[in-house]
Amino acid sequence: MSTTMVAALNTALRDSMRADANVHVLGEDVGALGGVFRVTDGLAAEFGAQRCLDTPLAEAGILGTAVGMAMYGLRPVVEMQFDAFAYPAFEQVFSHVAKMRNRTGGRMGLPITIRVPYGGGVGGVEHHSDSSEAYYAHTPGLHVVTPATVADSYGLLRSAIASDDPVVFLEPKRLYWSAADFSPAEISTAAQVPPIGRAMVRRPGTSATLLTYGPSLPVCLEAAAAARSEGWDLAVVDLRSLVPFDDETVCAAVRATGRAVVVHEAAGFAGVGAEIAARVTERCFHHLAAPVLRVTGYDIPYPPPMLEKHHLPSVDRILDAVARLQWEQ
Amino acid sequence: MTVLDDSTAPDLVGPPNSHGPRRDPAPLLPDPEPVRILGTPAAKTFDAELQRELYRRLVLGRRFNQQATTLTRQGRLAVYPASTGQEACQITASMVLRKQDWLFPSYRDTLAVVARGVRPLDALTLMRGHAHSGYDSYEHRIAPLSTPLATQAPHAVGLAHAARLRAAADPEAAEELVALALVGDGGTSEGDFHEALNFAGVLGAPVVFLVQNNGYAISVPLASQSAAPTLAHKAVGYGIVGRLVDGNDALAMHSVLSAAVEHARSGRGPVLVEAITYRLDAHTNADDATRYRSAAEVDAWRARDPLTLLERHLRAAGLLDDAGVAATARAAEELATEIRTQFDNPPDPDPDSLFTHVYATPTSQLREQAAELAARLDADADAAADDAEDEAR
Ligand SMILES: Cc1ncc(C[n+]2csc(CCOP(=O)(O)OP(=O)(O)O)c2C)c(N)n1
Ligand SMILES: [Mg+2]
């Protein structure tokens, strides 16, 4: 059955709420409206307005309230309406959500899932297209997960909600309406739920390895297809989880080709790609034929819609980077 | 208490229970009912010329909303949050300001920006997706449209405070300006709104906060947003004057807002005005309002359309006739034509603009990135030209 990413996320929320009465959804417009992206569609109707709560419009309040609910044993799933509108909640996320387990000597974990639609490519006006993953990934105590496929969006969200640690769950809004054959019954057993922290090789290859995640997976797959005519056989790795980071899968995929390019749409400077390039270089130095390169958004505030095409990693920019991987002997 | 020697025990009966001067909250409290002028004796003494001017500007404002909505349907705006039904708030917010004053609008307040003299194309630049802001904020004394809710409110306080600091340091340059911040009912829940009120109260800054309470924050009704008696009551906790007004009564809006602005200007402190209004259109073109409100509710508010109310009153008062209505309608069509002309082939944004204004002086990294993009675009253009040549052969 063809399912969109939005529908898969919606099913994951519903299944988690059915499975555990402690799971509560809260956020702006998540009730009658079903969220501005309809990810919570129908949840208030099935579980009631208290379990799918339309909160006052205050992100710090939403996160702070979720902390208190989690302290008392509930499993809040918070929706931030857009990437850049999560910023008022940073105080709660960084000072409490990320640190509570550590501050309390392990006594008080906070099983909160923070869902954040993120990234650009949807023609959104300013503040609607930010890639904020590096802020979260830089903060110890948070898991940071981002699905790129319909099946993963279901499985990883279920894993996130089941996790005893806080998970920042970044949903690439550009892929919300992507569809694939998928039925949640396929991963009905716990063993089939993808664990948080494992990357996935989406395309094997022998020439070079593209390392990417979330919104940039499709353009990497496109680049790999286009690279065939240039004589390159590119592997593509979907990281899925930025924290914890799957060094094992990533390094195996890089060692197999000896060349790597990291691709993401967030600004490059001090971005997640910098961490990945450093880790790969530290661990695979003797297998590398060229420095690890990055193709990222420019170091600028996210552009207005009419200019965003220049900012986002494109097939051309990826292939240009691949061409610079020192092929001449 | 047994360890304490009674003779030295502090007086627990009558301690001072306040650290600062206590204020009588009564003068800060809003009236129980929103201020109305239309249909009251006060309408009779309201300046006739001003009434006609309000009518003209409301009609043009409505036409602006309609034209922008049409542009969105044509794909020439990426998004448009219409203020249809809120024109009396939008228009008066700009009319009551003097040249030296500042406006701090939110994303829904494009009309207020146009009403202050900004060219429609420039006011709509953000919505067009061309640049983040299309007008010169210093020329017009209007901050960029603010999308992160209520974040502009503390800016208004800071600017108004700075103007007073400057005036104290250099009385000859004193501007006696007022900053007017526009916020929605939903925005009043944000921490920044409360912090702005508190700062304004403590600093005594010449600021007016206008809350356009249109009953909803996207889908969330006011009842889920706040348990306060009215939003205007929020002023009291910060030692600020709160005022409640019918936001669909253009005369009341003008009267309450000008009084608030002059109150602030005269150094008597900030004012919070809550205007009760309604957005007749969906939140934006991307919203489906039928999910959260009934057609009957919308119809009831349509009957209280600020334009209809004003027109009915002006006709009854003998200040407007069919010819006047027709002439105003013609002026509105001229505005619509003017907007369409401005939107005919406006220049595309220059990709280099991505890099030019991130810093006063671009970093070496940005200069490198700009050069890389420019080279890529040149190469693309050359390839396209070659293709065209091949095709021609
Ligand atoms: C900090 C922040 N959170 C969320 C949003 C998303 N958002 C945009 S408009 C809106 C509702 C605003 O309601 P209100 O303040 O009543 O203004 P109105 O749209 O009714 O004019 C929301 C939640 C935002 N822009 N900024
Ligand atoms: Mg509102």
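Just so it is clear, the model here is predicted, and its values are computed rather than measured.

What follows covers the overall build of chain B. The number of helices and strands found in chain B is 16 helices and seven strands. A principal-axis box enclosing the C-alpha atoms of chain B has dimensions of 110 × 65 × 55 Å. When burial is assessed residue by residue, chain B has 49% of its 393 residues classed as buried. Considering only intrachain contacts with a sequence separation of at least 6, the fraction spanning at least 24 residues in chain B is 74%. Only carbon and sulfur atoms are counted for the fraction: they give 54% of the accessible area of chain B, which is about 18600 Å².

Below, the discussion takes up the overall build of chain A. Looking only at helices and strands, one finds twelve helices and 14 strands in chain A. Overall, chain A is about 65 × 40 × 40 Å in size when its C-alpha atoms are taken along their principal axes. Out of the 329 residues in chain A, the part that is buried amounts to 61%. When the accessible surface of chain A is totalled, it reaches about 12300 Å², and 55% of it is carbon and sulfur.

On to the coordination of the magnesium ion (ligand 2). All names here are of chain B. Only Asp-185 (OD), Asn-214 (OD1) and Tyr-216 (O) from the protein reach the magnesium ion (ligand 2) as donors, at distances of 2.0 to 2.1 Å. Along the chain, the residues that donate to the magnesium ion (ligand 2) are spaced as D-x28-N-x1-Y. Note that Asp-185 is positioned in the loop between strand S2 (179-184) and helix H9 (191-203) and Tyr-216 in strand S4 (residues 216-217), a separation of 31 residues in sequence. Considered together, Asp-185 and Tyr-216 belong to a single accessibility category, that of buried residues.

The strands making up a sheet are joined through hydrogen bonds of the backbone, oriented either antiparallel or parallel. Residue and element names in this part refer to chain A. An order of S9-S11-S10-S13-S14 is seen for the five strands of this open sheet, with the pairing classed as mixed. Bordering the open sheet on either side are strand S9 (200-203) and strand S14 (293-297), each of which pairs with just one other strand. Averaged over all adjacent pairs, the angle separating strand axes in this sheet is 25°, with direction ignored. One ladder, built from four bridges, connects strand S10 (residues 208-212) with strand S13 (residues 260-267); its direction is parallel. Directly across from Thr-212, in S13, lies its bridge partner Val-263. The strands that helix H9 (residues 247-257) touches are S9, S10, strand S11 (234-238) and S13; relative to S10, the one it contacts most, it runs at about 155°.

Neighbouring ligand 1 are 20 residues; Glu59(A), Tyr107(B), Arg108(B), Asp185(B) and Gly186(B) lie closest to it. Near ligand 1, the surrounding residues belong to chains A and B. Between an oxygen atom of ligand 1 and a side-chain N or O atom of Tyr107(B), the distance comes to 2.6 Å. Tyr216(B) is positioned with one of its backbone polar atoms (N or O) 2.9 Å from an oxygen atom of ligand 1. Look at ligand 1: alone it shows 580 Å² of surface, and the protein chains cover 96% of it. Taken together, the residues of the shell around ligand 1 sort by class into eight nonpolar, seven polar and five charged.

Applying the stated criterion across every chain yields a total of 21 aromatic pairs over all chains. Arranged with centres 5.8 Å apart and planes meeting at 85°, the rings of Trp102(B) and Tyr138(B) form a pair that is edge-to-face. Linking Trp102(B) in strand S1 (residues 102-104) with Tyr138(B) in helix H7 (residues 137-140), this pair joins segments that are 36 residues apart in sequence. Each member of the aromatic cluster is reached from another via a ring pair, and the members are Phe37(A), Phe82(A), Phe85(A), Tyr176(A) and Trp177(A). Cation over ring: Arg259(A) sits above Trp327(A), and NZ or CZ is 4.0 Å from the ring centre. Sitting over the ring of Tyr298(A), Arg317(A) keeps its end group 4.6 Å from the ring centre.

Attention now moves to the domain arrangement of chain A. Residue and element names in this part refer to chain A. Looking at chain A, the domain boundaries give domain 1 (2-192) and domain 2 (200-327). Here domain 1 and domain 2 have C-alpha centroids that lie 26 Å from each other. The partner domain 2 presents 21 residues to the 27 residues of domain 1 that form the contact. A combined buried area of about 1800 Å² lies between domain 1 and domain 2, and 60% of that area is made up of carbon and sulfur atoms. Here domain 1 and domain 2 share eleven residue pairs in polar contact (both at pLDDT 80 or more) between them. Of all elements in the fold, only helix H6 (133-137), strand S6 (143-145) and helix H7 (150-162) reach the threshold of two or more residues within the side of domain 1 that touches domain 2.

There is a patch of like negative charges on the surface, built from Asp316(A), Asp378(B), Asp380(B), Asp382(B), Asp386(B), Asp387(B), Glu389(B) and Glu391(B). It is helix H16 (residues 364-392) of chain B that provides the largest number of residues to the negative patch, a total of seven residues. In this structure, Glu389(B) sits in helix H16.

What follows covers a nonpolar patch on the surface. Together, Phe199(B), Val202(B) and Leu203(B) give the surface a local cluster of nonpolar side chains, amounting to about 300 Å² of exposed area. By secondary structure assignment, the location of Phe199(B) is in helix H9.

Before going further, it helps to examine the pattern of salt bridges. Residues and elements named next belong to chain A. Scanning the model with the defined rule gives 38 salt bridges over all chains in all. A salt bridge links Arg-75 to Asp-20, with the shortest nitrogen-to-oxygen separation between them at 3.9 Å. With Arg-75 in strand S4 (residues 75-79) and Asp-20 in the loop between helix H1 (5-19) and strand S2 (23-27), this residue pair connects regions lying 55 residues apart in the sequence. Residue class for Arg-75 comes out buried when judged on its relative accessible area of 17%. The class for Asp-20 is partly exposed, based on a relative accessible area of 23%. Three or more residues joined by partner-sharing salt bridges are found here, namely Asp-247, Glu-275, Arg-279, Glu-282 and Arg-283.

Residue and element names in this part refer to chain A. Inspection of the secondary structure puts Cys-284 in helix H10 (residues 272-284). Judged by its relative accessible area of 0%, Cys-284 falls in the buried class. Expressed as a C-alpha distance, the spacing of Cys-284 and Ala-252, which sit 32 residues apart in the sequence, is 8.9 Å. Ignoring any residue separated from it by four or fewer positions in sequence, one finds Cys-284 in contact with Cys-251, Val-254 and Arg-255.

Conventions we followed
- Residues numbered from 1 in each chain as written.
- Chains lettered and ligands numbered in written order.
- Predicted model: local features only at pLDDT ≥ 70, side-chain atom pairs only at ≥ 80, totals over all residues.
- Heavy atoms only, no water.
- Helix = DSSP H or I, 4+ residues; strand = E, 2+ residues; numbered from the N terminus.
- Buried < 20%, exposed > 50% of the residue type's maximum accessible area, 1.4 Å probe, protein only.
- Contact = heavy atoms within 4.5 Å.
- Areas by Shrake-Rupley, 256 points an atom, 1.4 Å probe, with all protein chains shown as cover.
- Donors = N, O, S within 2.8 Å, 3.2 Å for Na, K, Ca; no water.
- Pairing = 2+ DSSP bridges.
- Axes fitted to C-alpha atoms, helices over the stretch in contact; angles between N-to-C directions.
- Near = heavy atom within 4 Å.
- Polar contact = N/O pair within 3.5 Å; in protein donor to acceptor, adjacent residues only side chain to side chain.
- Nonpolar A, V, L, I, M, F, W, Y, C, P; charged D, E, K, R; others polar.
- Phe/Tyr/Trp six-rings, centres within 6.5 Å; stacked < 30°, edge-to-face > 60°.
- Lys NZ or Arg CZ within 6 Å of the ring centre and 35° of its normal.
- Domains from an automatic or database assignment.
- Buried area = accessible area lost by both parts, 1.4 Å probe.
- Patch = residues over 30% accessible without salt bridge, like charges linked within 9 Å, V, L, I, M, F, W, Y side chains within 5 Å.
- Salt bridge = Lys/Arg side-chain N within 4 Å of Asp/Glu carboxyl O.
- Lys, Arg positive; Asp, Glu negative; His and termini not counted.
- Charge placed at Lys NZ, Arg CZ, Asp CG, Glu CD.

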